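Letter by letter, the chains look like this.
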Amino acid sequence: METEEGVRVLTDLIRRKGFAFVDGTPYDDPEHTKRLLERIAFIRVTHYGGFYDFTADLAMADTAYTNIALPAHTDTTYFDDPAGLQVFHMLSHEPDATSKDPNALGGESLLVDGFNAALELKRTSTWAYKILTEVPLPWHASGNKGIAITPERTYPVFETAPGNKALLRIRWNNDDRGVVPFHSGCSPVDWYDAARKWNALLEDKRLQYWEQLKPGRTLIFDNWRVLHGRSAFTGKRRICGGYINRNDFMSRWRTLNRTPEEVNRVVIG
Ligand SMILES: [Fe+2]
C-alpha cells in the first residue's frame, strides 16, 4: 500500500470483484487503517463521524452498534449519494468473561454480490426485477436525536444506467426504508412479493460469502454493489473503518488503471 502500483491493484480488485482484503494491516493502532483508507481517497464524514473505531456499546442508535445478527444490506441508503466504499478492520475480539465457551465468538461477516443476485432475480422473476427497478421509495436516517436525513428524491432498490440499463446501484436496508407508496402504479402487495423474492436470493447460501474478520485483515467493499451483514457475536470486538465517496474512489481507480487518453474520453466525453 506504500506504492502506487499496490493501490492500482487494490482499486482494480474492488472495481472488478466488488471487494478486496488487505492482509498485513498493522492492528496495534487504528491509525494504520486510517492511513490505508487515505491511500485511496479522503474519508467521508457523516452524522456518525469520519473514521470510526467502535465497540458494540450503542454509542449511536444504530444496529451496527449492537451484537445482533444483521442480514445483508447496503449502508447509507438515505443519502442521494450513498457511500461508495466501506471499510472494516477488526482490531480485536475478546471472549465474554462470563461465557462458558471462551471460543464462542461468532460475528462472521457476510458479503453478497448484489449485482449477481439482481441478475439472478431478473432471470428467474423478471416481473420482480422490474418492480424493484421501477418503484421509487423514501429512505431515511432518523434514529438519532437531531437527525432526519432523507434524499431529495425517492429511489428504487435497483438503479440502472440510462441507455444500456446496466445495474448502477443497489439500495437495500429494511431499517432505513420508508413506507412503500400506494400510488406508484404498483400495489404495495406486489412490491412486497417482489421484495420477498429478492430477500430469498440474498438468503440463498449459493450467493453468500462468509468470512471471519481477523486483526490484520482489512475488508474494503463497493457499497453500491455488494451487500454486507454479519452473524450474532458474543464477547467484545473492536472494529475500525470508514466510508469513501464513490466519485473519489472511481477517480483514483481511473487515473491508476487507465491511460490519460482513456480517462479524457470517459470524463470529458
Ligand atoms: Fe452496515
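Residues numbered from 1 in each chain as written. Predicted model: local features only at pLDDT ≥ 70, side-chain atom pairs only at ≥ 80, totals over all residues. Heavy atoms only, no water.

**Q** Help me understand the overall build of the protein, please; the structure alone is not making it clear to me.
**A** On a plain count of helices and strands, the protein comes out with 7 helices and 11 strands. In summary, the protein has a C-alpha radius of gyration of 19 Å against a globular reference of 18 Å for 269 residues, a match within 12%. If you line up the protein on its principal axes, its C-alpha atoms span 55 × 55 × 40 Å. Taking the intrachain contacts of the protein between residues at least 6 apart in sequence as the baseline, contacts between residues at least 24 apart amount to 78%. When the accessible surface of the protein is totalled, it reaches about 13500 Å², and 54% of it is carbon and sulfur. One finds the centroid of the 34 positive side-chain charges in the protein at a distance of 5 Å from the centroid of its 35 negative side-chain charges. (Helix = DSSP H or I, 4+ residues; strand = E, 2+ residues; numbered from the N terminus. Rg over C-alpha atoms; globule rule 2.2 N^0.38 Å. Contact = heavy atoms within 4.5 Å. Areas by Shrake-Rupley, 256 points an atom, 1.4 Å probe, with all protein chains shown as cover. Lys, Arg positive; Asp, Glu negative; His and termini not counted. Charge placed at Lys NZ, Arg CZ, Asp CG, Glu CD.)

**Q** Hey, could you run me through the pattern of salt bridges in this one?
**A** Where charged atoms of side chains with opposite charge meet at close range, the side chains can pair. Applying the stated criterion to the full structure yields 19 salt bridges. Of the charged contacts, one joins R225 and D113 as a salt bridge, the two residues approaching to 2.8 Å between their closest N and O atoms. Within this pair, whereas R225 is found in the loop between strand 9 (217-222) and strand 10 (226-230), its partner D113 is found in strand 5 (residues 109-113), the two being separated by 112 residues in sequence. Here R225 falls in the buried class, since its relative accessible area comes to 13%. Residue D113 is classed as partly exposed on the basis of its relative accessible area of 23%. Residues joined in a network through salt bridges with shared partners are E120, R123, D204 and R206. (Salt bridge = Lys/Arg side-chain N within 4 Å of Asp/Glu carboxyl O. Buried < 20%, exposed > 50% of the residue type's maximum accessible area, 1.4 Å probe, protein only.)

**Q** Teacher, can you tell me more about the sheet that holds strand 3 (residues 70-73) here?
**A** Whether parallel or antiparallel, the strands of a sheet pair through hydrogen bonds between backbone atoms. Pairing within the open sheet is antiparallel, and its 4 strands lie in the order 3-10-5-8. Single-partner strands in this sheet number two, and they are strand 3 and strand 8 (208-211). Neighbour to neighbour, the strand axes of the sheet diverge by 20° on average, direction disregarded. Relative to strand 10, strand 5 runs antiparallel, the two being bridged by 5 bridges. Bridge assignment links L111 to a residue of strand 10, and that residue is H228. (Pairing = 2+ DSSP bridges. Axes fitted to C-alpha atoms, helices over the stretch in contact; angles between N-to-C directions.)

**Q** How should the coordination of the iron ion be read in this particular structure?
**A** By definition of the ideal shapes, a tetrahedral metal site with four donors has angles of 109.5 degrees and an octahedral site with six donors has angles of 90 or 180 degrees. With distances of 2.2 Å, the protein atoms coordinating the iron ion are H73 (NE2), D75 (OD) and H228 (NE2). Spacing between the donor residues of the iron ion along the chain follows H-x1-D-x152-H. Comparing H73 with D75, the two get one shared label, buried. (Donors = N, O, S within 2.8 Å, 3.2 Å for Na, K, Ca; no water.)

**Q** Help me understand helix 2 (residues 31-40) in this model?
**A** Since the α-helix turns once every 3.6 residues, residues separated by three or four places project in the same direction. All buried positions along helix 2 are accounted for by T33, L36, L37 and I40. On an axial view of helix 2, the arc spanned by its buried residues comes to 95°, and they lie on one face. (Arc of directions from axis to C-beta.)

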